[in-house]
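This is what each chain is made of:
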Amino acid sequence: MTQYSNSELQTLDQSYYLQTFKRFPIAIEKGKGSYLWDVEGNKYLDMLAGIAVNNVGYSHPKVVKAIQDQAEKITHISNFFVRVPQVELSEKLREISKLDRVFFTNSGAESLEGAIKIARKYAHSKGRGGTIVSFENSFHGRTLATIATGKEAYQKGFGPIPSGFVKVPFNDIEAVKAACNSSTAAVVIEPVQGEGGINVADKAFLHELKAFCDQEDIVLIFDEVQSGIGRTGHWFAKDHYGIQPNILTSAKGLGGGVPIGAVISDEKVSSAIDFGDHGTTFGGNPLVCAAALATIEVIEKENLLENVQNRHDTLVKHLENLNEPSIKEIRGLGLMMGVEFDFEAKPLVLDLLENGVIANATAGNVLRIVPPLNVSDEEIEAFFKVLKQSLENIKENA
């Protein structure tokens, strides 16, 4: 295999790959636990986990073995056929979600698209329209339908944007009620907005939203692509609120690093779907389902939901002990944390990277912290040692 430097791979990437990503100036070669190594052998503590994907860390031996074992048997078969990993994963997701039906996809955006189709099919069966209500600062993906639910910045240049989508302010039940009528099929919400800046839904608001949707027979969709699979200290963020949506979408952390998503729905809305209404070629193939089953097993057997709650407390304590005047707010659930500063966070992220820590800036001035669920206290302490120095560096260079 050819040996490359970080800069050589950056140049090749810029020559061949569609330039849709503003890359960090390093090229990652391998990972283990909470750490990554670039092609030049430099080591990084990853507090981003592939943007909330690698929930059990990198190269967890049980996930690796599950992938190896399944690859020796079969990696893909048409969805004309039942297969063991898919059936077992469907059963497991039904158990931990307490919903009824599962459909597998390849990504979060694809899961949300599937949720919209189910919601509209149900609404049409009841004589309602197909309008989808979403929230300001939301992010549900980058397909045409999902950008129609989100920020206008993601829609620029891609018109005509699909119709039938309405946005209202987050945490505002009166705005939801005003936007809904007989043409409304569904309301879709992230219990914790990820790309929007780690904004947590108010408990009272979500309960009012649930009651309103039930009363009006409007489908309630929870987008838990980022907040699900243990990220917040429960299997899903909905469990913090004691609310069951009609449809829940999942992806990111579900596969432990392989591409798999899911649409999980209750029997009421699922019953509207007929044979041929939806489909997928790769969704739920044996390889990704085996990886997802192993990921969930690791979370269960290693008590990672409890670890998330404990590490959340550690993170908050360290953040408060910084006594940093530039911090405006600390928010989030579990290990889905956001720190809002009074300055743009990107320079801070780059300084962290230069000092061996990977993190992410979202919504301009928010530092997003979404490490693996099995991150240790020692690793969190190492992160804060670098963060403290990076904040000092930012001040000196201001």
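An account of the accompanying structure is given in this report. (Residues numbered from 1 in each chain as written. Predicted model: local features only at pLDDT ≥ 70, side-chain atom pairs only at ≥ 80, totals over all residues. Heavy atoms only, no water.)

Turning our attention to the packing of helix H3 (residues 61–73) against helix H11 (residues 286–301). Interaxial distance between H3 and H11 falls to 8 Å at its minimum, and their mutual angle equals 155°. Here H3 is positioned roughly antiparallel relative to H11, judged by the angle of their axes. Relative to H11, the crossing made by H3 is right-handed. Contacts between H3 and H11 involve Lys62, Val63, Ala66, Ile67, Gln70 and Ala71 from the first element and Pro286, Leu287, Ala290, Ala291, Ala294, Thr295, Val298 and Lys301 from the second. Of the residues in the contact of H3 with H11, the class split is ten nonpolar, two polar and two charged. (Axes fitted to C-alpha atoms, helices over the stretch in contact; angles between N-to-C directions. Helix = DSSP H or I, 4+ residues; strand = E, 2+ residues; numbered from the N terminus. Parallel < 35°, antiparallel > 145°, perpendicular 65-115°, else oblique. Left-handed = near helix turned anticlockwise from the far one by under 90°. Contact = heavy atoms within 4.5 Å. Nonpolar A, V, L, I, M, F, W, Y, C, P; charged D, E, K, R; others polar.)

Of the positions making up helix H1 (residues 6–16), those classed as buried are Asn6, Gln10 and Asp13. In a view along the axis of H1, the buried residues occupy a sector of 65°, so they form one face of it. Structural note: H1 exposes Ser15 and Tyr16 on the side pointing more than 90 degrees away from its buried face. Lining the buried residues of H1 we find strand S2 (35–38). (Buried < 20%, exposed > 50% of the residue type's maximum accessible area, 1.4 Å probe, protein only. Arc of directions from axis to C-beta.)

Before going further, it helps to examine the sheet that holds strand S1 (residues 28–32). Across the sheet, four strands lie side by side as S1-S2-S3-S15; this open sheet has mixed pairing. What marks the edges here is a single partner per strand, and that holds for S1 and strand S15 (357–358). By the bridge criterion, two bridges tie strand S3 (residues 43–46) to S15 in an arrangement that is parallel. By the bridge assignment, Asp46 is partnered in S15 with Ile358. Strands in contact with helix H14 (residues 377–397) are S2, S3 and S15; relative to S3, the strand with the most contacts, it is inclined by about 105°. (Pairing = 2+ DSSP bridges.)

Within an α-helix, residues lying three or four positions from one another point in the same direction, as the helix has 3.6 residues per turn. Counted at 1.5 Å a residue, the expected span for helix H4 (residues 84–97) with its 14 residues is 20 Å, and the 20 Å between its end C-alpha atoms agrees. For H4, the complete set of buried residues consists of Pro85, Gln86, Leu89, Lys92, Leu93, Ile96 and Ser97. Seen end-on, H4 carries its buried residues on one side only, within an arc spanning 130°. Among the exposed residues of H4, those oriented more than 90 degrees off its buried face are Val84 and Glu91. Those residues of H4 that are buried are in contact with H3, strand S4 (101–105), helix H9 (238–241), strand S12 (261–265) and H11. Among the residues trailing H4, Lys98 stands out with phi positive, at a value near 65°. (Expected span 1.5 Å × (residues − 1).)

The next point concerns the side chain of Arg83. Among the structural elements, Arg83 can be located in the loop between H3 and H4. Buried charge without a partner: Arg83 forms no salt bridge, and the closest opposite charge is Glu88, 12 Å away. At 3.0 Å, the side chain of Arg83 and the backbone oxygen of Ile77 are in polar contact. A distance of 2.9 Å separates a polar atom in the side chain of Arg83 from the backbone oxygen of Gly284. (Lys, Arg positive; Asp, Glu negative; His and termini not counted. Salt bridge = Lys/Arg side-chain N within 4 Å of Asp/Glu carboxyl O. Polar contact = N/O pair within 3.5 Å; in protein donor to acceptor, adjacent residues only side chain to side chain.)

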